[in-house]
Amino acid sequence: MNQYVTGAAIKELREKNNLTQLQLAEKIGVSDKTVSKWETAKGYPDITLLEPIAEALHVSVTELISGKTIDNLNVSSNMLRSKFYVCPICGNVIHSMGESVIHCHGILLSPMEAETSDERHMIFIERIEDEYYVRIDHTMTKEHYISFVAAVSSGDMQVVKLYPEQNPEVRFKIRGVKKIYYYCNRDGLFSIDVVKGIDDREKSYDDHHERMELEKTAKKLFG
Ligand SMILES: [Fe+2]
C-alpha cells in the first residue's frame, strides 16, 4: 500500500463531525497533543488505532485511508456504470460497479477512462444468430495486444480474456448489450456504444468510417 491515513483527512473528518482535537483524543484513548501531531503531519497514528479513529469519525477504514467519504448510491442496479481497473505490474483486471479504493502490487489504481474507438483500435460488430461477433483490428504480440473485451448490459457483463498470439475476436450473447469495452495493454481502455440497426445486422460494415457515419445516422433516426 502506498497510501496511509493523512493528517489532512483526520482533520477534515474531525471537523465534519464537530469534534475538537480533545474530544477525538478522548474517544480513542490518546492525548490531544497526539491528535494535533497527526494533523500537522508530525506523526502517524499506529495501525491499531485506525479502526477506533474510523469509528469515532463515522467512516470506514477504507474511507479514512483514501481521505474520501463514499456515499452509498446503490449503484448495484446498473452495470452500465462499470469501472475497470488494471494493474500496470501484473495486468490484473478488476471490475467495480462504482468508485472503489483498489490497490494491486502496492499501487493505488485509478479507474480507467474509456476512449472512443480510434483508427488504430478499430472494432467491428455483427450479429451471428443470437450472438454478437466482435473483431478488433489490432496486433496481438506479447508487447502490444488486446487483453480483454467486455460486453455490458444494464444487468450483466460478459468478459473474455485474450492472450498474445490469439485472434482478437470474441462472441457475446446479445441479451441487452449496450456497450462494449476493450483494453489495449499499451493504449488503454476503449468503448463503443452498440447501436440498434447497425450492430445487430448480419452483414455489417467493414470500414471504420462507414461505421461512424452509420452511427450518426442511427442516432438521428432513433435518438
Ligand atoms: Fe494498441
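Preceding block: the structure.
In short, a report on the structure. Source: prediction; values computed, not measured. (Residues numbered from 1 in each chain as written. Predicted model: local features only at pLDDT ≥ 70, side-chain atom pairs only at ≥ 80, totals over all residues. Heavy atoms only, no water.)

## Digging into the nonpolar core
Nonpolar side chains in soluble globular proteins tend to end up buried together. Counting 20 residues, the largest nonpolar core has Ile-123, Ile-125, Val-134, Ile-146, Val-149 and Ile-180 as its most contacted members. Counting 18 residues, the second-largest nonpolar core is a separate cluster that includes Leu-24, Ile-28, Leu-64 and Ile-65. (Core = buried A, V, L, I, M, F, W, Y, C linked by side-chain atoms within 4.5 Å. Buried < 20%, exposed > 50% of the residue type's maximum accessible area, 1.4 Å probe, protein only.)

## Section: the pattern of salt bridges
Scanning all chains against the criterion turns up 8 salt bridges. Of the charged contacts, one joins Asp-187 and Arg-120 as a salt bridge, the two residues approaching to 3.3 Å between their closest N and O atoms. Of this pair, Asp-187 sits in the loop between β11 (179–184) and β12 (188–193) while Arg-120 is found in the loop between β5 (115–116) and β6 (122–128), placing the two residues 67 residues apart along the sequence. Exposure remark for Asp-187: the relative accessible area of 24% places this residue in the partly exposed category. In this structure, the salt-bridge partner of Asp-156 is Arg-175, at a minimum N-O distance of 2.9 Å. Here the residue Asp-156 occupies a position in the loop between β8 (146–152) and β9 (157–161), and Arg-175 occupies one in the loop between β10 (169–173) and β11, the gap between them amounting to 19 residues. Several salt bridges converge on common partners, so that one network encompasses Asp-130, Glu-131, Arg-171 and Lys-173. (Salt bridge = Lys/Arg side-chain N within 4 Å of Asp/Glu carboxyl O. Helix = DSSP H or I, 4+ residues; strand = E, 2+ residues; numbered from the N terminus.)

## Thoughts on the packing of helix α2 (residues 21–28) against helix α3 (residues 32–39)
Between two packed helices, what matters for the description is the angle formed by their axes and the separation of those axes. Two numbers describe how α2 lies on α3: the axes approach to 8 Å, and their chain directions differ by 110°. One way to sum up the angle between α2 and α3 is to call them roughly perpendicular. Viewed along their axes, α2 and α3 form a crossing whose handedness is right-handed. Along its contact with α2, which presents Gln-21, Leu-22, Leu-24, Ala-25 and Ile-28, the element α3 presents Asp-32, Val-35, Ser-36, Trp-38 and Glu-39. Class assignment for the residues of the contact of α2 with α3 results in 6 nonpolar, 2 polar and 2 charged. (Axes fitted to C-alpha atoms, helices over the stretch in contact; angles between N-to-C directions. Parallel < 35°, antiparallel > 145°, perpendicular 65-115°, else oblique. Left-handed = near helix turned anticlockwise from the far one by under 90°. Contact = heavy atoms within 4.5 Å. Nonpolar A, V, L, I, M, F, W, Y, C, P; charged D, E, K, R; others polar.)

## A short note on unusual backbone geometry
Of note in this structure, Ala-41 is not a glycine but carries a positive phi near 60°. Mapped onto the secondary structure, Ala-41 falls in the loop between α3 and α4 (50–56). For His-58, which is not glycine, the phi torsion reads 60° and is therefore positive. Note that His-58 resides in the loop between α4 and α5 (61–66).

## Some remarks on the coordination of the iron ion
Only His-121 (NE2), His-138 (NE2), His-144 (NE2), Cys-184 (SG) and Asp-187 (OD) from the protein reach the iron ion as donors, at distances of 2.1 to 2.4 Å. Overall, His-138 belongs to the buried group, its relative accessible area being 13%. (Donors = N, O, S within 2.8 Å, 3.2 Å for Na, K, Ca; no water.)

## Observations regarding the pairing of β6
Taken together, the 7 bridges between β6 and strand β7 (residues 131–137) define a ladder with antiparallel strand orientation. Looking at β7, one finds that Ile-125 is bridged to Val-134. (Pairing = 2+ DSSP bridges.)

## Re the sheet that holds β11
Pairing is mixed across the open sheet formed by 5 strands, whose spatial order is β5-β12-β11-β8-β9. Taken across any chain shown, the strands that pair with only one partner, and hence form the sheet edges, are β5 and β9. With 2 bridges connecting them, β5 and β12 associate as parallel partners. From the neighbouring strand, Glu-115 faces β12, where its bridge partner is Phe-190.

## Things to note about the sheet that holds β6
Read across the sheet, 3 strands follow the order β6-β7-β10 without closing on themselves; strand pairing throughout is antiparallel. The two strands at the open ends of the sheet, each matched to only one other strand, are β6 and β10. Strand-to-strand, the axes of this sheet are offset by a mean angle of 25°, without reference to chain direction. Sheet topology note: the β7/β10 ladder contains 5 bridges and is antiparallel. Note that in β10 the partner of Glu-131 across the bridge is Lys-173.

## Thoughts on the packing of aromatic side chains
Considering all chains together, one arrives at 5 aromatic pairs under this definition. Ring geometry for Tyr-4 versus Tyr-44: centroids 5.7 Å apart, planes at 75°, classification edge-to-face. With Tyr-4 in the segment before α1 (7–16) and Tyr-44 in the loop between α3 and α4, the pair connects residues that are 40 residues apart, well separated along the chain. On the accessibility criterion, Tyr-44 (62% relative accessible area) is exposed. Residues Tyr-182 and Phe-190 carry aromatic rings whose centres are separated by 5.6 Å and whose planes lie at 25° to one another, so their mutual orientation is stacked. In this pair, the class of Tyr-182 matches that of Phe-190, namely buried. Taken together through their ring pairs, the aromatic side chains of Phe-84, Phe-148, Tyr-181 and Tyr-183 make up a single cluster. The cationic tip of Lys-161 hangs over the ring face of Tyr-163; the distance from NZ or CZ to the ring centre is 5.0 Å. (Phe/Tyr/Trp six-rings, centres within 6.5 Å; stacked < 30°, edge-to-face > 60°. Lys NZ or Arg CZ within 6 Å of the ring centre and 35° of its normal.)

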